[in-house]
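Reading the structure
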Amino acid sequence: MEKILARKVVEAVKSLYNVDIEESLVQISDTRKDFTGDYTLVVFPLLRFSKKSPELTAGDIGGYLRENCADVREYNVIKGFLNIVISSAWWYSFFKDMASQKELFARAVAAKPGTIMVEYSSPNTNKPLHLGHIRNNLLGYSLCKILEACGHKVIKTNIVNDRGIHICKSMLAWQKKGNGETPESSGMKGDHLVGKYYVVFEQELKLQVAELKEKGLSEEEARNEAPLMKEAREMLLKWEAGDRETIELWKTMNSWVYAGFDETYRLLGVEFDKIYYESETYMFGKDIVLDALKNNILYQKEDSSIWVDLTEEGLDNKLLLRSDGTAVYMTQDIGTAVLRHQEYGFDKCIYVVGNEQNYHFQVLKSVLQKIGYPWSEGLHHFSYGMVELPEGKMKSREGTVVDADDLIAEMKDSAKKVSLELGKLTGFSGEEKEDLYDKLGLGALKYFILKVDPKKNMLFNPAESIDFNGNTGPFIQYTYARIKSVFRKAETEGIDNDIELPSVLDIGDKEISLIKLLGRFPATISEASETLSPALVANYCYDLAKEYNQFYHDMSILGEPDVNVRAFRLKLSGYTASVLKAGVGLLGMEMPERM
RNA sequence: GGUCCCAUAGUUCAAUGGAUAGAACGAAGGUUUCCUAAACCUUAGAUUCAGGUUCGAUUCCUGGUGGGACUACCA
């Protein structure tokens, strides 16, 4: 409709003022809630053609539209805004068209679908996942769903940072203090067990550092000189040299961690098509770096460390291989990127990684460009904001991290508590109840995280539990469950919920508002895919649920005596339910049939 | 020091350069013989400051203040 109106406005300007204008000058938006109308034309940009006041210009165009556009029923002018009212008959037939289409995402499909690789999660194997990883995983997974809905071929991928000095720290501490403890012997989840030894290492190191500082060393010197740190570095060297004992221990402890991660991923409902391991890609990265050195793209210092000079690109000098020949994070990221492109030939590769690594990804892209990979143009850092606590950033060293598994368990618990208090679960089996708590608890968590603009930092206050009322996931789920309940009742009362709608039907304002919102679904999805923002989808779903609840409150559906009107309201409700389910599905949320 | 990001009701979040800045939680009040009250409806309550561009600025530009991130032979 916007398109038709815009064209008509161009026509109106031509006819009224005898000027040809670009359609892009025509600004048509949805009319704000407190004004009468469906669409609003902002006339300010057209004043230089009409050479009249905003009010008169708006009046001219409004008059033209009413005369020449059958579906424009009336208009009103407030300041420079022309509010256009579309006939309810048009809205009704618009809805009929929309509801008869099978494919909900059809109108959201991108003009040029491509192959897009999305990397998310990217955990280190020295400690369990925390709330920051939850945001990462939910954003990454949702992004994949949204891109798929828009017709792209998406490869969900993960890079597991399974090697490096941090792993050695856990390994070393376990060797020294572990007494052979295993997940089985301790009953601890594997990733938590390994995390425990990482903490042990940091504590012991802290003592050694304090001791050295008393002898007059600086913080940095002390950390470097501490015996534990030296041992950890030696271990890394042994690991890279393929020392059997070290590799065995590494494999064992990593397998514990993977079992733990798999469990957390399962709970969160995220998955991957292809998992890369840094231990398998870093050598490849090393080769690329050494090759580039031969080709004089990089340079080597006297201590034999290898660097790239990116000062021309406005960046700094960056280390790519340490003087002892071991790889750094950047080395493996170079290798992984090249490997991925060889294997999948992506058009785009999106890295879902926190904004604290903005610099890292600038460097990565520049290095790849410098080495000569034209496809590096398609690398994109999806930089999302940190999750902060009231006292600031989460710090694992200070034990202020919110553990992912704990939080998920708490959410399910809260869901259970709230559900039992409301006491609506008569007729649910034990299994159905557990399933519901899952859907609601995770729904609340996922919506809480995803409704926030990904670019922004967000705050999580552990003291205040995540809500189940108001602007929340369960609110949307509740709306859906209510609609399903109406359909169940229709069935038991023998009401046919799928009769052919009449070609003409008089419908009300509440219904039109709902239709308008429903019509905006595809555009919301494509915008979310273009701006990489699941938050747009989340907020849309909330708006739609809110609008439907008003409709549900004000209008009777099954109690409506007119069979045609009743059928229309049922269809409107059913379609709303489909859109809500599809919408939150893009956020990785599931809908309960009853709650 | 350098580079970058952020600042909106008491709180957590919204707002393609457009009208009277939206929600939710919290506060005060109301709605149930009626399809699920995890709902609906009232009321009170906000753009960090100073300039600039513009017919029009929460949005763009400059500066101040406040907060955060990065600037490792960590990841």
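Relevant structure appears above.
This text gives an overview of the structure that appears in the document.

**What about the sheet that holds strand β14 (residues 392-393)?**
If you walk across this open sheet you meet the 3 strands as β14-β13-β15, and the pairing is mixed. Every other strand in the sheet has two partners, leaving β14 and β15 (458-459) as the edge strands with one partner each. Sheet analysis places strand β13 (residues 387-389) next to β14, joined by 2 bridges and oriented antiparallel. If you follow Glu388 over to β14, its bridge partner there is Lys393.

**Digging into the protein's contact with RNA strand B**
Near RNA strand B lie 60 residues; those nearest to it are Asp303, Arg322, Lys424, Tyr478 and Met555. Per the 4 Å cut-off to the protein, sugar and phosphate atoms form 62% of the nearby atoms of RNA strand B. At 2.4 Å from a phosphate oxygen of RNA strand B is found a main-chain nitrogen or oxygen belonging to Asp453. Contacts to RNA strand B include Met595, whose backbone N or O atom sits 2.7 Å from a base nitrogen. When contributions to the surface near RNA strand B are tallied by element, the ones reaching two or more residues are β2 (39-42), β4 (81-86), α6 (165-177), α15 (404-422), β15, α17 (473-492) and α20 (534-554). Broken down by element, the surface near RNA strand B gets its largest block of residues, 7 residues, from α17. Broken down by class, the residue content of the surface near RNA strand B amounts to 26 nonpolar, 18 polar and 16 charged.

**Description of the packing of α20 against helix α21 (residues 563-585)**
Running from N to C, α20 and α21 cross one another at 155 degrees; their axes reach a closest spacing of 10 Å. Here α21 runs roughly antiparallel to α20, going by the angle between their axes. For the pair α20 and α21, the crossing hand works out as left-handed. Touching Val537, Tyr540, Cys541, Leu544, Ala545, Tyr548 and Phe551 of α20 are Arg569, Leu572, Ser573, Thr576, Val579, Leu580, Gly583 and Val584, all from α21. Of the residues assigned to the contact of α20 with α21, the class counts are 11 nonpolar, 3 polar and 1 charged.

How each quantity is defined
- Residues numbered from 1 in each chain as written.
- Chains lettered and ligands numbered in written order.
- Predicted model: local features only at pLDDT ≥ 70, side-chain atom pairs only at ≥ 80, totals over all residues.
- Heavy atoms only, no water.
- Pairing = 2+ DSSP bridges.
- Helix = DSSP H or I, 4+ residues; strand = E, 2+ residues; numbered from the N terminus.
- Near = heavy atom within 4 Å.
- Polar contact = N/O pair within 3.5 Å; in protein donor to acceptor, adjacent residues only side chain to side chain.
- Nonpolar A, V, L, I, M, F, W, Y, C, P; charged D, E, K, R; others polar.
- Axes fitted to C-alpha atoms, helices over the stretch in contact; angles between N-to-C directions.
- Parallel < 35°, antiparallel > 145°, perpendicular 65-115°, else oblique.
- Left-handed = near helix turned anticlockwise from the far one by under 90°.
- Contact = heavy atoms within 4.5 Å.

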